[in-house]
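# Architecture at a glance
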Amino acid sequence: DTAVSQTPKYLVTQMGNDKSIKCEQNLGHDTMYWYKQDSKKFLKIMFSYNNKELIINETVPNRFSPKSPDKAHLNLHINSLELGDSAVYFCASSPYVNQPQHFGDGTRLSIL
Amino acid sequence: AQSVAQPEDQVNVAEGNPLTVKCTYSVSGNPYLFWYVQYPNRGLQFLLKYITGDNLVKGSYGFEAEFNKSQTSFHLKKPSALVSDSALYFCAVGKEYGQNFVFGPGTRLSVLP
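What you see is a predicted model, and the numbers here were worked out from it, not measured in a lab.

## Overview of the pattern of salt bridges
Pairing of side chains with opposite charge becomes possible as their charged atoms draw close. Residue and element names in this part refer to chain A. The final tally for this structure, using the stated rule, is six salt bridges over all chains. When the shortest N-O distance is used, the salt bridge between Lys 71 and Asp 30 registers 2.9 Å. Here the residue Lys 71 occupies a position in the loop between strand S7 (64–70) and strand S8 (73–78), and Asp 30 occupies one in the loop between strand S3 (19–25) and strand S4 (31–37), the gap between them amounting to 41 residues. A residue is classified by how much of its surface remains accessible, and Lys 71, at 35% relative accessible area, is partly exposed. Arg 63 is the partner of Asp 85 in a salt bridge, and the nearest nitrogen-oxygen pair spans 2.8 Å. Remark: Arg 63 occurs in the loop between strand S6 (53–57) and S7 and Asp 85 occurs in the loop between S8 and strand S9 (87–94); sequence separation between them is 22 residues. Accessibility assignment for this pair places Asp 85 and Arg 63 in one class, buried.

Here it is in structure tokens:
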């Protein structure tokens, strides 16, 4: 039973489209995160939610909008996709802030 | 703001030999330090953490790390490397009462048979 699951695993789309990535955790954690890992494997936090409230919002274009309908879900919607958005996006969760995180296996986004 | 350096992009070690993956950090206040491992096409997996207590921390798969406050380092070690340890290793730092944290650039470990 997967602890942190992301869908879809692969996403191939054209520039200008809008897409969403879904994330669910069944660990009962309070905190969830979105990360972007680029082609050089650098990992950068984008957003963090604690109990459905946004607590970290790094310098990310407004085209990226997270949404947490409940504590177990954190979705990422991206508008007007650009070539530079191509990356692997990881969802993660932790019991609360500053605790070890459990990561999903990533969504590989490719923009044509 | 916190920062993390992993000075080596790549570490090569022979199977059975000890391994060290280096990490240095900068943070105001008490650091929260973590090591994660990433295998190909997978998410990161937590290995170990230091928050307080003993400077030598033991974690999963036989890994350990030593917190050195004066050198602001948190190097990852294992006494005897396995080929299956070959992966990408990330150090991360947060701080007490902080909400944000930073990952290092990663070090690729190759264990040669």
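That shown, we press on.
## Some words on the packing of aromatic side chains
According to the stated counting rule, one finds 18 aromatic pairs over all chains in the structure shown. Seen in terms of ring centroids, A:Tyr35 and B:Phe101 are 6.5 Å apart; in terms of plane orientation they differ by 45 degrees. Their pairing is tilted. Taken together, the residues A:Tyr35 in strand S4 and B:Phe101 in the loop between strand S10 (87–95) and strand S11 (102–103) connect one chain to another. You can call A:Tyr35 buried: its relative accessible area is 0%. The exposure class assigned to B:Phe101 is buried, which follows from its relative accessible area of 7%. With 5.9 Å between their ring centres and 65 degrees between their planes, B:Tyr36 and B:Phe46 make a pair best called edge-to-face. Pair noted here: B:Tyr36 is in strand S5 (residues 31–38) and B:Phe46 is in strand S6 (residues 44–50), with a separation of ten residues, a long-range link. Taking the relative accessible area as the measure of exposure, B:Tyr36 reaches 1% and is therefore buried. Taking relative accessible area as the criterion, B:Phe46 reaches 28% and is therefore assigned partly exposed. Three or more aromatic residues joined by ring pairs make a cluster, and in this case those are A:Tyr33, A:Tyr35, A:Phe90, A:Phe103, B:Phe34, B:Tyr36, B:Phe46, B:Phe90, B:Phe101 and B:Phe103. Above the plane of the ring of B:Phe63 lies B:Lys78, whose end atom (NZ or CZ) is 5.0 Å from the centre.

About the criteria used
- Residues numbered from 1 in each chain as written.
- Chains lettered and ligands numbered in written order.
- Predicted model: local features only at pLDDT ≥ 70, side-chain atom pairs only at ≥ 80, totals over all residues.
- Heavy atoms only, no water.
- Salt bridge = Lys/Arg side-chain N within 4 Å of Asp/Glu carboxyl O.
- Helix = DSSP H or I, 4+ residues; strand = E, 2+ residues; numbered from the N terminus.
- Buried < 20%, exposed > 50% of the residue type's maximum accessible area, 1.4 Å probe, protein only.
- Phe/Tyr/Trp six-rings, centres within 6.5 Å; stacked < 30°, edge-to-face > 60°.
- Lys NZ or Arg CZ within 6 Å of the ring centre and 35° of its normal.

The analysis is restricted to geometry; functional conclusions fall outside its scope.
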